[in-house]
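Observations on the model geometry
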Amino acid sequence: MLTLDLRALEAAGFVARTVFPTVPVTVQYELTADGARLIPVVEVMRTFGLWLKERD
């Protein structure tokens, strides 16, 4: 499931994937410039989620 999500984010241009020729293969993901623009949105969603959790 994680692989499918990462591939979708890569296809959308939000993460970049780098494969290193090691044994076993090492894969590194990093945010692209477009992905970094989503950080404020994710932070707001996190804050809202924490607020909801505290209400219970």
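Cut-offs applied
Residues numbered from 1 in each chain as written. Predicted model: local features only at pLDDT ≥ 70, side-chain atom pairs only at ≥ 80, totals over all residues. Heavy atoms only, no water. Helix = DSSP H or I, 4+ residues; strand = E, 2+ residues; numbered from the N terminus. Rg over C-alpha atoms; globule rule 2.2 N^0.38 Å. Contact = heavy atoms within 4.5 Å. Areas by Shrake-Rupley, 256 points an atom, 1.4 Å probe, with all protein chains shown as cover. Lys, Arg positive; Asp, Glu negative; His and termini not counted. Charge placed at Lys NZ, Arg CZ, Asp CG, Glu CD.

**Quick notes on the overall build of the protein**
Per the secondary structure count, the protein includes three helices and two strands. Starting at the N terminus and walking to the C terminus, you meet the elements of the protein as α-β-β-α-α. A globule of 56 residues ought to have a C-alpha radius of gyration of about 10 Å, yet the protein, at 15 Å, is considerably larger. With the principal axes as the frame, the protein shows a C-alpha extent of 50 × 25 × 15 Å. Put simply, 3% of the contacts in the protein that link residues at least 6 apart link residues at least 24 apart. As displayed, the protein has an accessible area near 5000 Å², and 65% of this comes from carbon and sulfur atoms. Taken as two groups, the 6 positive and 7 negative side-chain charges of the protein have centres that lie 2 Å from each other.

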